[in-house]
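The residues making up each chain are set out below.
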Amino acid sequence: MEDYKTVLISDETEIEIKKSRFINMVFHIENEEAVESMLTQIRKKHYKATHVCWAYVLNTNPKRQKSSDDGEPPGTAGKPILDIINHRELKDVLVVVVRYFGGIKLGAGGLIRAYGGGAGDVINHCGIIKKQYSDQLRIVIHYPAYGSLSNGLLEKGITPVSDDFGEKVTLGFHIAVAETKEFLAWVEDQTNGNVQVIMGEPAYVDVPEIVI
């Protein structure tokens, strides 16, 4: 299972080019059923739109992706949107660009720039997160070991996702699967082996990234 980037929240922007309105939308989706449901809602809301063009990429192996020009000249709408998604290395993402024709034709090059630009604009506007495939684990230690371990975690920039100060100290962590072995070896060293490790099931967790 590999880490991947996706959008944090749904978002929408709008641009106008030569009197045509381009309404740009981005969504986090995880399967084709979610794509169809979202497209149905958008088409219903924008029933007067001239074109509803879109592209999506799913986090599957092999990667599944699809795009639609929805009546625009072939290769001038869906593909530019898809190219932007792939260029940003995003997965589980649907981008829709709705066009209300303003009476002035843009030509093939103009359409490519408009649809690609619309996709880029809304992605730039939304938050991006990394989905990190992580081991979910808890470590249980005695109180005398907590001080030095806490200082070491601070130096490493690692923050527990949970803590419980009962009879013993229990700290929860989400650690990237590839880094778990090294992390646990470090914890063993910090605590002189006086630690209990409780492993949970690996899962994807959200890691905020700089907005791009």
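Residues numbered from 1 in each chain as written. Predicted model: local features only at pLDDT ≥ 70, side-chain atom pairs only at ≥ 80, totals over all residues. Heavy atoms only, no water.

**Digging into the pattern of salt bridges**
Here the structure, examined in full by the defined rule, presents five salt bridges. In this structure, the salt-bridge partner of Glu14 is Arg21, at a minimum N-O distance of 2.7 Å. For Glu14, a relative accessible area of 44% puts it in the partly exposed group. The partly exposed category is assigned to Arg21, whose relative accessible area is 32%. Of the charged contacts, one joins Glu72 and Arg99 as a salt bridge, the two residues approaching to 2.9 Å between their closest N and O atoms. Of this pair, Glu72 sits in the loop between β5 (64-68) and α2 (78-87) while Arg99 is found in strand β6 (residues 93-100), placing the two residues 27 residues apart along the sequence. Arg99 matches Glu72 in its accessibility class, with the two residues each being buried. (Salt bridge = Lys/Arg side-chain N within 4 Å of Asp/Glu carboxyl O. Buried < 20%, exposed > 50% of the residue type's maximum accessible area, 1.4 Å probe, protein only. Helix = DSSP H or I, 4+ residues; strand = E, 2+ residues; numbered from the N terminus.)

**Looking at the UniProt feature "domain: Impact N-terminal" (unreviewed entry) in the protein chain**
Per the UniProt record, "domain: Impact N-terminal" (unreviewed entry) is found at residues 18-122. Secondary structure across residues 18-122 comprises 38% helix and 29% strand; the distance between its end C-alpha atoms is 19 Å. (UniProt positions renumbered as here; feature names shortened; annotations may be inferred.)

**Things to note about the layout of surface pockets**
Roughly 320 Å³ of volume is contained in the largest pocket. Considering the residues around the largest pocket, the lining is formed by 13 residues, among which Ile158, His174, Ile175, Glu179 and Phe183 are closest to the centre. A breakdown of the residues in the lining of the largest pocket according to their chemical character gives six nonpolar, four polar and three charged. (1 Å grid on protein atoms, 1.4 Å probe; cavity = no way out; pocket = protein on both sides within 12 Å on 5 of 7 lines; lining within 4 Å. Points joined across faces, edges and corners; volume = space filled by probe spheres on them. Nonpolar A, V, L, I, M, F, W, Y, C, P; charged D, E, K, R; others polar.)

**Points about helix α1 (residues 32-45)**
Counted at 1.5 Å a residue, the expected span for α1 with its 14 residues is 20 Å, and the 20 Å between its end C-alpha atoms agrees. Of all the residues in α1, the buried ones are Val35, Met38, Leu39 and Ile42. The buried residues of α1 all sit within an arc of 100° when viewed along its axis, so they share a single face. Among the exposed residues of α1, those pointing more than 90 degrees away from its buried face are Glu33 and Lys44. In this fold, the buried residues of α1 make contact with β3 (20-28), β4 (51-58) and β6. (Expected span 1.5 Å × (residues − 1). Arc of directions from axis to C-beta. Contact = heavy atoms within 4.5 Å.)

**Some words on the side chain of Thr191**
Looking at the secondary structure, you find Thr191 in the loop between α5 (180-190) and β10 (195-199). Of the residues examined, Thr191 reaches a relative accessible area of 3% and is grouped as buried.

**So, the nonpolar core**
Judged by nonpolar contacts, the single largest core of 24 residues is most densely connected at Val26, Ile81, Ile85, Val93, Val95, Tyr115 and Ile123. Contributing elements (two or more residues each) for this core: β3, β4, α2, β6 and α3 (107-125). Tallying contributions element by element places α3 first for this core, with six residues. The next biggest cluster of nonpolar side chains, apart from the first, holds 17 residues, and it includes Ile23, Met38, Leu39 and Leu58. (Core = buried A, V, L, I, M, F, W, Y, C linked by side-chain atoms within 4.5 Å.)

**So, the packing of helix α4 (residues 143-156) against α5**
Between α4 and α5, the least distance of the axes is 10 Å, while the angle of their chain directions is 145°. By crossing handedness, the relation of α4 to α5 is classed as right-handed. For the pair α4 and α5, the contacting residues are Ser148, Leu149, Gly152, Leu153 and Lys156 in the first and Phe183, Trp186 and Gln190 in the second. For the contact of α4 with α5, a count of residues per class yields four nonpolar, three polar and one charged. (Axes fitted to C-alpha atoms, helices over the stretch in contact; angles between N-to-C directions. Left-handed = near helix turned anticlockwise from the far one by under 90°.)

**Concerning the packing of aromatic side chains**
Two descriptors summarise a pair of aromatic rings, namely the distance from one centre to the other and the angle between the planes of the rings. The full count for this structure, using the stated rule, is seven aromatic pairs. When the ring of Tyr4 is compared with that of Tyr204, the centres are 5.3 Å apart and the planes differ by 80°; the resulting orientation is edge-to-face. Here Tyr204 lies in strand β11 (residues 203-208) and Tyr4 lies in strand β1 (residues 4-7), a separation of 200 residues in the sequence. Overall, the relative accessible area of 26% leaves Tyr204 in the partly exposed class. (Phe/Tyr/Trp six-rings, centres within 6.5 Å; stacked < 30°, edge-to-face > 60°.)

**Some points on the UniProt feature "domain: UPF0029" (unreviewed entry) in the protein chain**
In the UniProt entry, the feature "domain: UPF0029" (unreviewed entry) is given for residues 139-194. Across residues 139-194 one finds 45% helix and 27% strand; the C-alpha atoms that close the span lie 10 Å apart.

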